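# Structural overview for review
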Amino acid sequence: MSQKEIERLFSELDTSVQLLQKELGVSYLEGLSETGENIVDGRKVAQDSDRLSDQAVKVLTSLYQKLPLNKMDSEEIRKSFQLALLKGAKSDQVQANHQMTPDAIGFILAYLIEKVIDADIKKIRLLDPAIGTGNLLSTVYNSLTLKKIEVEVEGIDNDDLLLSLALINFELQGQKLKLTHQDALTDLLLDPVDVVVSDLPVGFYPIDENAKRFKTSSNEGHSYAHHLFIEQSIYYLKDSGYGVFLVPTQLFESKESAALTKMIQSEAFLQGMLHLPKELFKSEQSRKSILLVQKKGGKAKQAKQVLLAQIPDFKNQTSMQHFMQEVENWKQENIKI
Ligand code: SAM
């Protein structure tokens, strides 16, 4: 992977965003969405560009023509775009629940998905119902396609700016995906998928009327969005499909968790809970873990032993290798059919 090209593309994106910000008074992420649309629409400034000065149109057009996209592979482009997303999250002060999933976590989720799906699978349908900027889904997508698996990919989000960034993220890499701008906790027009992967929004879901139809809704007051998302995702999985979710480490510790446990037990098998290294999070409260569930039906069966693991510090290579061996052993003894 060429770090130089990654930084060069980021720097060109950044220059164009700053120019658009100056001309239009938009936020960084709005500027990134506008410049991204220009690039994927044939590397030209949008027709309604009378909002921009002639000089700006000239600078942008020349900059778009010189972008090194053709020389870069998907992962390089994703990483450049991710640097721009990171800068945007910082300068626009994006709230925690809307922040992009960092690569380190995306790689671990992708690794787990590769481990649990059938070794001889050639094609899968993959969904992220809270796709955000698409960084997590794109990391998983690229990792699966590298393994020669054909991936049909869908994303949902109720934030239109993030959704447009997700579209650009994939289109810059020359990839197609189906996106829906919708509250993912309402009825979805979606064929069942093999895998749901998601960094779930955490906290209360404000629309009690929608929450009511879920088994995980609260009897009084608002329900937890992340509980409802897990239930909704299981509903749209194929039989024996997997849900791989980034969740708060204390998921099963709140008083509302009884209904969540009951719902999972009736619809799926809880196959694993892996705790991410605490160094990745600012506080004990904000710590996250990975929940692995498998929908009942088909060849699915409860693992003899649930995969409970503490993921080591990513920088410690020996401990990481040990962890991967632990997952491999668990797979051989519990998942392999
Ligand atoms: N994985 C994403 C990425 O890499 O950018 C980040 C996901 S972010 C932690 C959670 C996302 O959930 C946000 O993009 C937010 O807009 C979305 N969200 C929150 N409530 C939602 C709802 N009811 N329906 C759909 N999306 C929702």
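Everything below is about the structure printed above this text.
Please read all numbers here as calculations on a predicted model, not as lab measurements. (Residues numbered from 1 in each chain as written. Predicted model: local features only at pLDDT ≥ 70, side-chain atom pairs only at ≥ 80, totals over all residues. Heavy atoms only, no water.)

## Some points on helix H5 (residues 103–116)
- Between its first and last C-alpha, H5 extends 20 Å over 14 residues, near the 20 Å set by a 1.5 Å rise per residue.
- Among the 14 residues in H5, twelve count as buried, and that is most of the element.
- Asp103, Ile105, Gly106, Ile108, Leu109, Ala110, Tyr111, Leu112, Ile113, Glu114, Lys115 and Val116 are the residues of H5 that are buried. (Helix = DSSP H or I, 4+ residues; strand = E, 2+ residues; numbered from the N terminus. Expected span 1.5 Å × (residues − 1). Buried < 20%, exposed > 50% of the residue type's maximum accessible area, 1.4 Å probe, protein only.)

## Topic: the packing of helix H9 (residues 225–235) against helix H10 (residues 257–267)
- Closest axis-to-axis distance for the H9/H10 pair is 10 Å, and the angle between their directions is 10°. Judged by the inter-axis angle, H9 sits roughly parallel to H10. Residues His227, Ile230, Glu231 and Ile234 of H9 form the contact with H10, whose own contacting residues are Ser257, Leu260, Met263, Ile264 and Glu267. (Axes fitted to C-alpha atoms, helices over the stretch in contact; angles between N-to-C directions. Parallel < 35°, antiparallel > 145°, perpendicular 65-115°, else oblique. Contact = heavy atoms within 4.5 Å.)

## Some remarks on the site of the ligand
- Taken together, 23 residues are adjacent to the ligand, and Thr101, Thr133, Asp157, Asp183 and Ala184 come closest.
- Here an oxygen atom of the ligand and a side-chain polar atom of Asp157 are 2.6 Å apart.
- In this structure, a nitrogen atom belonging to the ligand sits 3.3 Å away from a main-chain N or O atom of Asn158.
- Compared with its free state, where it exposes 600 Å², the ligand has 95% of that area covered by protein.
- Here the shell around the ligand is composed, by residue class, of nine nonpolar, ten polar and four charged. (Near = heavy atom within 4 Å. Polar contact = N/O pair within 3.5 Å; in protein donor to acceptor, adjacent residues only side chain to side chain. Areas by Shrake-Rupley, 256 points an atom, 1.4 Å probe, with all protein chains shown as cover. Nonpolar A, V, L, I, M, F, W, Y, C, P; charged D, E, K, R; others polar.)

## Description of the nonpolar core
- Core analysis: the largest hydrophobic core is formed by 43 residues, its most contacted members being Leu126, Leu144, Val197 and Ile290.
- The element that contributes the greatest number of residues to this core is H5, accounting for eight residues.
- Discounting residues that sit within four places of it in the chain, Ile290 has contacts with Ile108, Leu109, Leu112, Val244, Phe245, Leu246, Gly272, Met273, Leu274, Leu276 and Ile311.
- Residues Ala184, Leu188, Ala225 and Met273 belong to the second largest nonpolar core, which totals 30 residues. (Core = buried A, V, L, I, M, F, W, Y, C linked by side-chain atoms within 4.5 Å.)

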